[in-house]
Amino acid sequence: MENILELKEITKTFPKSNYKLDNVSFSLPYGAILGFVGENGAGKTTTIGCILNTIIKDSGTVKLFGREMHDGDTDLREKIGVVYDGDNFPVNWTAEQLAKVMSGLYKQWDDDLFQQYLGSFRLPIKQKIRNYSRGMTMKLAIAAALAHHPQLLVLDEATSGIDPIMRDEMLDVFLEFVQEEDHAILLSSHITSDLEKVADYITFIHDGKLLLTATKNELVYEYAIMRCKKEQFLAIDAKDILAYRQRDYQIDVLVADGKTAQRKYKDVVVDHGSIDEIMMLLVKGERV
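Residue indices follow the written sequence of each chain, beginning from 1 at its first position. Where local features are concerned, this predicted model is filtered to residues with pLDDT of at least 70; where side-chain atom pairs are given and counted, the filter is 80 or more; whole-chain, interface and lining totals use all residues. For the side-chain quantities, the full set of heavy atoms in the structure was used; hydrogens and water were omitted.

1. What to know about the packing of aromatic side chains
What counts is decided by this rule: The criterion for an aromatic pair is that two Phe, Tyr or Trp rings (for Trp, the six-membered ring) have centres within 6.5 Å, with stacked assigned to planes under 30 degrees apart, edge-to-face to planes over 60 apart and tilted to the rest. Secondary structure follows DSSP: runs of H or I at least 4 residues long count as helices, runs of E at least 2 residues long count as strands, and numbering of each begins at the N terminus. Throughout this description, buried means an accessible area under 20% of the type-specific maximum (1.4 Å probe, protein chains only), exposed means over 50%, and partly exposed covers the range between. For a Lys NZ or an Arg CZ to count as sitting over a ring, it must be within 6 Å of the ring centre and within 35 degrees of the ring normal.
Going through the model one piece at a time under the given rule, you end up with 5 aromatic pairs. An angle of 45° between the planes, with centres 4.8 Å apart, marks the rings of phenylalanine 233 and tyrosine 244 as tilted. Residue phenylalanine 233 is located in helix α9 (residues 230–234), and its partner tyrosine 244 is located in strand β11 (residues 243–247); the two are separated by 11 residues in the primary sequence. A residue is classified by how much of its surface remains accessible, and tyrosine 244, at 18% relative accessible area, is buried. Over the ring of phenylalanine 14 we find lysine 12; its NZ or CZ atom is 5.4 Å from the centre of that ring. Geometry around phenylalanine 65 places lysine 79 over its ring, the cationic atom sitting 4.9 Å from the centre.

Shown next as structure tokens:
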């Protein structure tokens, strides 16, 4: 089965800020969750804007369900559920009012399903959104995104600022969603612990450039961090070094194959680092 989402060499320049999204390419298969990782300002939201056609890219192609999406392609938009970080709806609305508006926007809007999510998420129907907590507003946005039966969820920091218990509830909902083989999720986040729980693939972005795309299993079981003294570092083949960073008297070196590194450099300690450690080395580390 083809990918549900494909980006090829997406470029977007913002001359006033001197910021550039630089040839971003990655794909999301059906039935998978892709974690889109980077610090604030790395380019995650700009990339999502290019995917949804709310930001006009300078060059490159974005394909959704095998097609490029244009402004008039309402059939494609029907298949996408979107949750942004921040205010997704007018704060003077209630969930009841939101349902009426959404039912006029989406042909597949399922009010019974929306009400089920409101009950499951313990959200008051007649209370104004301004009186919701941060976690409640995000739950409402996720309920609305799911209630029109999308195939692709695009979530921009949807779990940011939510307490761990609420985040676990959301992650369970996401895992249930991708049990359908024709569904998938693009989950933008800087909370790497969430991605360790649910993501199948992880793409790292920094300063508008993609640093690495890999499966979560590759990152967890194959990528590794060598803890080196200076003389040990100098003996490492440059081809084996993805990134390195000096910490006091130790140099941490990111390698793609921990088992091979352990056999090749027998006196060096080799650890399987967390996704957070890998991201820090990719972002803060140096290249040979």
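Right, picking up where we left off after that structure.
2. Concerning the layout of surface pockets
Condition: With a 1 Å grid laid over protein atoms only, a set of points is called a cavity when a 1.4 Å probe fits there but cannot get out and a pocket when it is open yet has protein on both sides within 12 Å along at least five of seven lines; lining residues have an atom within 4 Å of a point. Grid points are joined across faces, edges and corners, and a volume is the space filled by probe spheres set on the points.
In this structure, the largest pocket encloses a volume near 420 Å³. Elements with a minimum of two residues in the lining of the largest pocket: β5 (80–83), α3 (95–105) and α5 (134–146). For the lining of the largest pocket, the leading source of residues is α3, giving 4 residues. Along its surface, the second largest pocket is lined by Leu113, Tyr117, Leu146, His149, Pro150, Val173, Glu176, Phe177, Glu180 and His183. Put simply, the parts of the chain that give the lining of the second largest pocket at least two residues each are α4 (111–120) and α6 (164–177). Looking at which element gives the most residues to the lining of the second largest pocket, the answer is α6, with 3 residues.

3. What about the environment of arginine 122?
For clarity, the cut-off: In this analysis, two residues are considered to be in contact whenever any of their non-hydrogen atoms come within 4.5 Å of each other. A 3.5 Å cut-off defines polar contacts: any pair of N or O atoms within that distance qualifies, except that in protein one atom must be a possible hydrogen donor and the other a possible acceptor, and neighbouring residues in sequence count only when both atoms are side-chain atoms.
Tracing the backbone through its elements, the reader meets arginine 122 in the loop between α4 and α5. A relative accessible area of 56% means that arginine 122 is categorised as exposed. Remark: the alpha-carbon pair of arginine 122 and alanine 224, spanning 102 residues in sequence, is separated by 42 Å. Setting aside residues no more than four positions away along its own chain, arginine 122 makes contact with Lys139 and Glu169. Side-chain polar atoms of arginine 122 contact the side chain of glutamate 169, separated by 3.2 Å.

4. Side note on the sheet that holds strand β12 (residues 250–255)
Paired through backbone hydrogen bonds, the strands of a sheet run either parallel or antiparallel to each other. As a reminder, the rule being used: We treat two strands as partners when DSSP finds at least two bridges between them. Axis lines are fitted through C-alpha atoms, for helices just across the contact stretch, and the angle between N-to-C directions can take any value from 0 to 180 degrees.
Taken in spatial order, the 4 strands make up an open sheet running β11-β12-β10-β13, and their pairing is antiparallel. Two strands close off the open sheet at either side, each with one partner strand: β11 and β13 (269–271). Along the sheet, successive strands turn relative to each other by an average axial angle of 25°, direction set aside. Each of β10 (224–228), β11 and β12 touches helix α11 (residues 275–284); the most contacted strand, β11, lies at about 95° to it.

5. Some points on α3
Definition in use: In this context, the arc is that of the directions from the helix axis out to the C-beta atoms.
Looking at α3, one finds that the buried residues are Ala95, Leu98, Ala99 and Met102. Taken around the axis of α3, the buried residues stretch over an arc of 100°, which confines them to a single face. Structural note: α3 exposes Lys100 and Gly104 on the side pointing more than 90 degrees away from its buried face. Those residues of α3 that are buried lie in contact with α4 and α5.

6. Focus on the nonpolar core
Using the following cut-off: The term nonpolar core refers to a set of buried residues drawn from Ala, Val, Leu, Ile, Met, Phe, Trp, Tyr and Cys, joined through side-chain atoms within 4.5 Å.
Phe114, Leu140, Phe174, Ile185 and Phe204 are the most contacted members of the largest nonpolar core, which has 57 residues in total. No other element matches the 9 residues that α5 contributes to this core. The contact partners of leucine 140, leaving out residues within four places of it in the chain, are Phe89, Ala95, Leu98, Phe114, Leu118, Leu123, Ile129 and Tyr132. In terms of nonpolar packing, the next biggest core, distinct from the first, is built from 29 residues, Leu28, Tyr30, Cys50 and Ile205 among them.

7. What about the pattern of salt bridges?
Where we set the bar: The working definition used for a salt bridge is a side-chain nitrogen of Lys or Arg within 4 Å of a carboxyl oxygen of Asp or Glu.
Tallying each qualifying case throughout the model produces 17 salt bridges. When the shortest N-O distance is used, the salt bridge between glutamate 169 and arginine 122 registers 3.2 Å. Of this pair, glutamate 169 sits in helix α6 while arginine 122 sits in the loop between α4 and α5, placing them 47 residues apart in sequence. In this structure, lysine 264 engages aspartate 240 in a salt bridge whose closest nitrogen and oxygen atoms are separated by 2.9 Å. Taken together, the residues span a long stretch of sequence, with lysine 264 in helix α10 (residues 258–264) and aspartate 240 in the loop between α9 and β11 at a distance of 24 residues. Assessed through its relative accessible area of 46%, lysine 264 is described here as partly exposed. A relative accessible area of 24% means that aspartate 240 is categorised as partly exposed.

Nothing here speaks to function; it is all geometry.
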